[in-house]
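Structure at a glance
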Amino acid sequence: KAWRTLGRIGLGLEGKVFALLGLAFKSQTDDVRCSPALSLALQLVDRRASVQAYDPKATARARAVAPGLDYCNNLEEALTGVDCAIIATEWQQFVETGWRELRPLMDAPVVIDLRNLLVPDRMRAWGFVYEALGRPALQLSEWELVERTDNGGSGKASIVETSRASDRGTSALP
């Protein structure tokens, strides 16, 4: 699906720089065994693209498996100078990131969200070319940004479904 999306938005691979965000096969772990993100990274490199990889926990293990990538210490470093950012693991950090503020770091504001973590209308309003995979795209009117009051009043933003929550018995994005 990632290859079709790249082709659809007209982004070639050779000579391009990609930020690969999330290397573990799932969030909250450093386990990279059978990681789709690392497979994607190696395929990008095989097609003569550069990959700036970042994961909050899995960088050390990923480096042992795929030493040919440029590993970054933080999200800002990973996004600097890239032609496209690919979100490959569903880390909460990527949801809570101030994408509007990070946009100037990127050479081209293209985000491919393989985990459908972000709000498409909001990303597009901030000037991103945004493609989300994994779930049908949601309209901004179906979601709203609310302040979380649990966890000791952390004040961190959380995206909460407003129009369909009762239909599915859920109230928040994973």
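Everything below is about the structure shown above.
Computed from a prediction, not measured in an experiment: that's the story for all the values here.

The next thing to look at is the overall build of the protein chain. Summing up its helical and strand segments, the protein chain has nine helices and eight strands in all. Sorting the 174 residues of the protein chain into buried and exposed places 45% on the buried side. Contacts in the protein chain between residues at least 24 apart in sequence constitute 59% of all its contacts with a sequence separation of at least 6. With an accessible surface of roughly 9,000 Å², the protein chain has 48% of that area assigned to carbon and sulfur atoms.

Our next topic: the nonpolar core. In terms of nonpolar packing, the biggest core is built from 26 residues, with Leu-20, Leu-38, Leu-44, Leu-69, Tyr-71 and Ile-86 touching the most fellow members. Mapped onto this core, the elements with two or more residues apiece are β1 (17-21), α2 (36-46), β2 (50-54), β4 (84-87) and β5 (110-113). The greatest single-element share of this core, amounting to five residues, is contributed by α2. Here Ile-86 is in contact with Phe-18, Ala-19, Leu-20, Leu-21, Leu-40, Leu-44, Ile-112 and Leu-114, once residues within four sequence places are set aside.

Let us now look at the environment of Gly-127. Mapped onto the elements, Gly-127 comes out in the loop between α7 (120-125) and β6 (129-132). Residue classification places Gly-127 among the partly exposed residues on the basis of a relative accessible area of 32%. C-alpha of Gly-127 to C-alpha of Arg-100: the two residues are 27 residues apart in sequence and 8.3 Å apart in space.

So, about the environment of Gly-12. By the element assignment, Gly-12 lies in the loop between α1 (2-8) and β1. Separated by 71 residues in sequence, Gly-12 and Asp-83 place their C-alpha atoms 10.0 Å apart.

Spatial ordering of the open sheet is given by β3-β2-β1-β4-β5-β6, a layout of six strands whose pairing is parallel. Lying at the two open borders of the sheet, with one neighbouring strand each, are β3 (70-71) and β6. For β4 and β5, the ladder comprises three bridges, and the chain directions are parallel. Among the inter-strand pairings, Ala-85 is bridged to a residue of β5, identified as Val-111.

Attention shifts here to the pairing of β4. Going residue by residue along β4, you find Cys-84 and Ile-86 tucked away on one face and Ala-85 and Ile-87 tucked away on the opposite face as well. Bridge count between β1 and β4: four bridges; the pairing is parallel. Counted as the bridge partner of Ala-19 is Ala-85 from β4.

What counts, and where the lines are drawn
Residues numbered from 1 in each chain as written. Predicted model: local features only at pLDDT ≥ 70, side-chain atom pairs only at ≥ 80, totals over all residues. Heavy atoms only, no water. Helix = DSSP H or I, 4+ residues; strand = E, 2+ residues; numbered from the N terminus. Buried < 20%, exposed > 50% of the residue type's maximum accessible area, 1.4 Å probe, protein only. Contact = heavy atoms within 4.5 Å. Areas by Shrake-Rupley, 256 points an atom, 1.4 Å probe, with all protein chains shown as cover. Core = buried A, V, L, I, M, F, W, Y, C linked by side-chain atoms within 4.5 Å. Pairing = 2+ DSSP bridges.

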